Amino acid sequence: MKLTPNQIQQYEEEGMLFLPNYFSDAQVSALREELSRLPEQIPGQVMEKNNQTVRAIHGVHVYSKIFQSLVQHPLLLEPAQQILRDFVYLYQFKINMKAAFTGDLWPWHQDFIFWYEEDGMPQPRVVNVGIFLDEINQFNGPLYLISGSHKEGLIKCNVHKSLFEGENIGWEVNVSTNLKYCLDNATVTRLVERGSIVAPVGCAGSVLFFHSNIAHSSVPNISPYPRRLLMITYNSIKNIPHSSDQPRPEFLVCRDYTPLQPIGDDALLQQVE
């Protein structure tokens with residue numbers, strides 16, 4: 001599937017592109033069913049502060065042929081190649097769970113700063129793709145994005161000093177409610193004065209492409225509706241991170257740099273059959 005020139009322009013201007021009803025009900029059902037079959041304990045699993053609710057799971061594509069097929073689906077891969085104007089590989093695969101009643105917030109942040117500081121990614125030649133596994137509405141913690149904020153580039157922010165007190169820091173600080181790199185209130189206010197806050201909502205199967213430098217966040221989910229968002233991050237094959245003395249786990253940072261090739265459009269349903 002190819003994006004139109006107008007869609008590419010919209011992405012470049014706003015830093016995002018929302019495509020409702022992108023996957024069929026049958027395809028979404030296949031993804032949900034596969035999610036329910038994952039092992040209960042996964043190395044890349046993160047819990048909410050109550051230590052009872054799953055906040056996110058990372059790298060689950062290695063456990064699932066269906067999720068592996070999804071990464072190479074032409075509806076996702078071809079637009080990613082268009083946006084980045086290059087061949088791409090899988091950089092990160094995760095599912096943010098945002099459970100009903102207990103799913104916690106994500107503070108205002110940019111994604112690229114984590115990948116730049118923690119992984120040595122040279123440039124923001126990367127695109128995030130969010131697939132709605134549930135209907136996302138104004139009640140269950142939709143993603144908030146500041147339109148056009150990606151044009152600011154990498155915004156410097158203070159590292160939370162409290163994270164360095166006591167025990168050694170683990171990879172979890174990059175995916176918890178108390179994120180290591182957050183945007184302060186003054187910065188968010190300035191960005192919103194220039195752009196506007198957008199909260200894409202829609203039915204399960206909708207897809208959101210968004211820039212790694214766009215400022216975004218989400219509020220807690222206190223509704224009875226779950227908000228599961230499957231996230232695939234594609235990186236240009238010319239933008240491979242520099243080696244690190246302390247590399248983050250591979251379930252956070254994929255190190256298979258093989259360019260991805262699209263597979264059959266009905267691969268998800270074929271796996272179910």
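The rules we used
Residues numbered from 1 in each chain as written. Predicted model: local features only at pLDDT ≥ 70, side-chain atom pairs only at ≥ 80, totals over all residues. Heavy atoms only, no water. Helix = DSSP H or I, 4+ residues; strand = E, 2+ residues; numbered from the N terminus. Rg over C-alpha atoms; globule rule 2.2 N^0.38 Å. Buried < 20%, exposed > 50% of the residue type's maximum accessible area, 1.4 Å probe, protein only. Contact = heavy atoms within 4.5 Å. Phe/Tyr/Trp six-rings, centres within 6.5 Å; stacked < 30°, edge-to-face > 60°. Pairing = 2+ DSSP bridges. Axes fitted to C-alpha atoms, helices over the stretch in contact; angles between N-to-C directions. Expected span 1.5 Å × (residues − 1). Arc of directions from axis to C-beta. Core = buried A, V, L, I, M, F, W, Y, C linked by side-chain atoms within 4.5 Å.

Considerations on the overall build of the chain
Link 1 in the chain: Within the chain, the regular secondary structure consists of 7 helices and 11 strands.
Link 2 in the chain: The C-alpha atoms of the chain give a radius of gyration of 18 Å, which matches the 19 Å a tight globule of 273 residues would have.
Link 3 in the chain: In terms of principal-axis extent, the alpha carbons of the chain reach across some 50 × 40 × 40 Å.
Link 4 in the chain: A total of 273 residues make up the chain; the buried ones form 55% of that total.
Link 5 in the chain: For the chain, long-range pairs separated by at least 24 residues make up 85% of all intrachain contacts whose partners lie at least 6 apart in sequence.

So, the packing of aromatic side chains
Link 1 in the chain: Enumeration according to the criterion identifies 8 aromatic pairs in this entry.
Link 2 in the chain: Measuring from centroid to centroid gives 5.1 Å for Tyr89 and Tyr257, while their planes differ by 80°, and the two rings are edge-to-face. Residue Tyr89 is found in strand 4 (residues 88–96), and its partner Tyr257 is found in the loop between strand 11 (229–236) and helix 7 (267–272); the two are separated by 168 residues along the sequence.
Link 3 in the chain: For Tyr257, a relative accessible area of 32% corresponds to the partly exposed category.
Link 4 in the chain: Aromatic side chains Phe112 and Tyr116 sit 5.7 Å apart centroid to centroid with 45° between the ring planes, which places their arrangement in the tilted category. You can see Phe112 and its partner Tyr116 sitting in helix 5 (residues 112–119), 4 residues apart, about one turn around the helix.
Link 5 in the chain: A relative accessible area of 3% means that Phe112 is categorised as buried.
Link 6 in the chain: Residue Tyr116 is classed as partly exposed on the basis of its relative accessible area, which comes to 39%.
Link 7 in the chain: Among the aromatic residues, those joined into a ring-pair cluster are Tyr22, Phe23 and Phe209.

Concerning the side chain of Asn213
Link 1 in the chain: Residue placement: Asn213 occurs in the loop between strand 9 (207–211) and strand 10 (216–218).
Link 2 in the chain: Residue Asn213 is classed as buried on the basis of its relative accessible area of 3%.
Link 3 in the chain: Once you skip the residues sitting within four places of it in the chain, Asn213 turns out to touch Gln110, Phe112, Pro124, Ser149, His150, Gly153 and Leu154.

Remarks on the sheet that holds strand 2 (residues 45–47)
Link 1 in the chain: With antiparallel pairing, 7 strands are arranged side by side in an open sheet as 1-9-6-11-4-3-2. Each end of this open sheet is capped by a strand with a single partner; those strands are strand 1 (16–19) and strand 2. Averaged over neighbouring strand pairs, the angle between their axes works out to 15° when direction is ignored.
Link 2 in the chain: One ladder, built from 8 bridges, connects strand 4 with strand 11; its direction is antiparallel. Within strand 11, the residue paired with Asn96 across the bridge is Leu229.
Link 3 in the chain: Against the sheet, helix 1 (residues 5–14) makes contact with strand 1, strand 6 (126–132) and strand 9, and its axis sits at roughly 130° relative to strand 1, the strand it touches most.
Link 4 in the chain: Strand contacts of helix 5: strand 4, strand 6 and strand 11, with the helix running at about 115° to strand 4, the strand carrying the most contacts.

Regarding helix 2 (residues 25–36)
Link 1 in the chain: Compared with the 16 Å implied by 1.5 Å per residue over 12 residues, the 17 Å span of helix 2 between its first and last C-alpha is a close match.
Link 2 in the chain: For helix 2, the complete set of buried residues consists of Gln27, Val28, Ala30, Leu31, Glu34 and Leu35. Seen from one end, helix 2 has its buried residues packed into an arc of 155°, which puts them on one side. Exposed side of helix 2, more than 90 degrees from the buried face: Asp25 and Ser36 are the residues found there.

Some details on the nonpolar core
Link 1 in the chain: Core analysis: the biggest nonpolar cluster contains 41 residues, and Leu76, Ile95, Ile232 and Tyr234 have the highest contact counts within it.
Link 2 in the chain: Non-local contacts of Ile95, meaning those with residues more than four positions away in its chain, are made with Leu35, Arg55, Ala56, Ile57, Val60, Phe67, Leu133, Leu229 and Leu230.
Link 3 in the chain: Counting 17 residues, the second-largest nonpolar core is a separate cluster that includes Tyr89, Val126, Leu179 and Leu252.

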